[in-house]
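# Fold and contact review
Each chain, letter by letter, is given below.
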Amino acid sequence: MHLPQKYLAIFFTFKICLIMFKIIVVSDLSNLTASDLTLKADTAATGIEKHADQLPNADPEPGALRIMSQGLKDKLALASNLESQLAEVKRQIELNANELSLSLKGIGNYLETVVNKTQNPSLVSALGYRVRETGSTINELEVPTDLALIEVKNTSGMLRLRLKAVDKARNYGVIWFYGETPPTVWPDEAMKVVANSRGNKLKFNRGERVWVRIKAYGPNNTESDWSDVATRIVP
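This one's a predicted model, so the numbers in the text were calculated from it and none came from an experiment.

Rules of the game
- Residues numbered from 1 in each chain as written.
- Predicted model: local features only at pLDDT ≥ 70, side-chain atom pairs only at ≥ 80, totals over all residues.
- Heavy atoms only, no water.
- Pairing = 2+ DSSP bridges.
- Helix = DSSP H or I, 4+ residues; strand = E, 2+ residues; numbered from the N terminus.
- Axes fitted to C-alpha atoms, helices over the stretch in contact; angles between N-to-C directions.
- Buried < 20%, exposed > 50% of the residue type's maximum accessible area, 1.4 Å probe, protein only.
- Polar contact = N/O pair within 3.5 Å; in protein donor to acceptor, adjacent residues only side chain to side chain.
- Core = buried A, V, L, I, M, F, W, Y, C linked by side-chain atoms within 4.5 Å.
- Contact = heavy atoms within 4.5 Å.
- Phe/Tyr/Trp six-rings, centres within 6.5 Å; stacked < 30°, edge-to-face > 60°.
- Lys NZ or Arg CZ within 6 Å of the ring centre and 35° of its normal.

Moving on to the sheet that holds strand 3 (residues 171–178). Within the open sheet, the 4 strands sit side by side as 4-3-6-7. Their pairing is antiparallel. The open sheet is flanked by strand 4 (192–194) and strand 7 (230–233), the only strands paired with a single partner. Across the sheet, the mean angle separating the axes of adjacent strands is 30 degrees when strand polarity is ignored. As paired strands, strand 6 (residues 209–217) and strand 7 are joined by 4 bridges and run antiparallel to one another.

Further remarks concern the side chain of Thr222. Residue placement: Thr222 occurs in the loop between strand 6 and strand 7. For Thr222, a relative accessible area of 8% gives the class buried. Here the side chain of Thr222 touches Pro219 through a polar contact of 2.7 Å, landing on its backbone oxygen.

Attention shifts here to the nonpolar core. Val174, Phe204, Val210 and Val212 are the most contacted members of the largest nonpolar core, which has 19 residues in total. Of all the elements in the fold, those that place two or more residues in this core are strand 1 (145–151), strand 2 (158–164), strand 3 and strand 6. Ranked by the residues each element gives to this core, the list is headed by strand 6, at 4 residues. Not counting the four nearest positions on each side in its chain, Val212 is found in contact with Leu147, Leu149, Leu161, Val174, Ile175, Trp176, Trp186, Phe204, Asp228, Val229 and Ala230.

Our focus in this paragraph is the pairing of strand 6. Residues in a regular strand project their side chains so that they alternate between the two faces of the sheet. With 8 of its 9 residues buried, strand 6 lies for the most part within the structure. As paired strands, strand 3 and strand 6 are joined by 8 bridges and run antiparallel to one another. What sits directly across from Phe177, in strand 6, is Trp211.

A few words now on the packing of aromatic side chains. In the structure shown here, the tally under the stated rule is 2 aromatic pairs. Aromatic side chains Trp176 and Phe204 sit 5.3 Å apart centroid to centroid with 90 degrees between the ring planes, which places their arrangement in the edge-to-face category. Residue Trp176 is located in strand 3, and its partner Phe204 is located in the loop between strand 5 (200–203) and strand 6; the two are separated by 28 residues in the primary sequence. Each member of the pair, Trp176 together with Phe204, is buried. An angle of 85 degrees between the planes, with centres 5.3 Å apart, marks the rings of Phe177 and Trp186 as edge-to-face. Using a relative accessible area of 15% as the deciding quantity, one classes Trp186 as buried. The aromatic ring of Trp186 is capped on one face by Arg213, whose charged end is 5.1 Å from the ring centroid.

Below you can see the structure in the form of structure tokens.
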């Protein structure tokens, strides 16, 4: 059976399209470790050798690939050995540091005995030690200043407290209210106690205006007065 000429033309055009279909090779190299690369190089070298008649112009040649792969393997082995040595050296450093620290503590104890017997405190600084300062009683704390409410990125209903740290403060008490105007009366008891002046994030009612005050607590049951008020609309 003879096909019409137009059908023959369509058939050969389709056949040519099939023959010219582009094959894209994916190397998958971006996420490979150095060790993975050596394995891939060895596999490629073996594959080129097995199909040398079909891949006569491979560049680099299998031998060159294996040389590069082996060179990388040698460096990886060296790195592993050096890491083991470094870990052992660090362990020895820690042991030696602990031993030296104990020895220096013993010298400090001996020095304390001698200077108390001779009443010659100049020996302390001569050996690189210092005399402990006499502790002073803290009777009052400064009022926290520079209180601000900072937005926390990629969150809502949360603000970060920022303030200038108060000397000798052990923690801080926080109190807050919502509304368009600050309250006329603030209670004395904190609603939340935070450990330090940095990194404190508190949850508030989203979309409302919040008013915040803070005070410092210190040793000997001391506490400061309340700070000035900080305010902003909660994101």
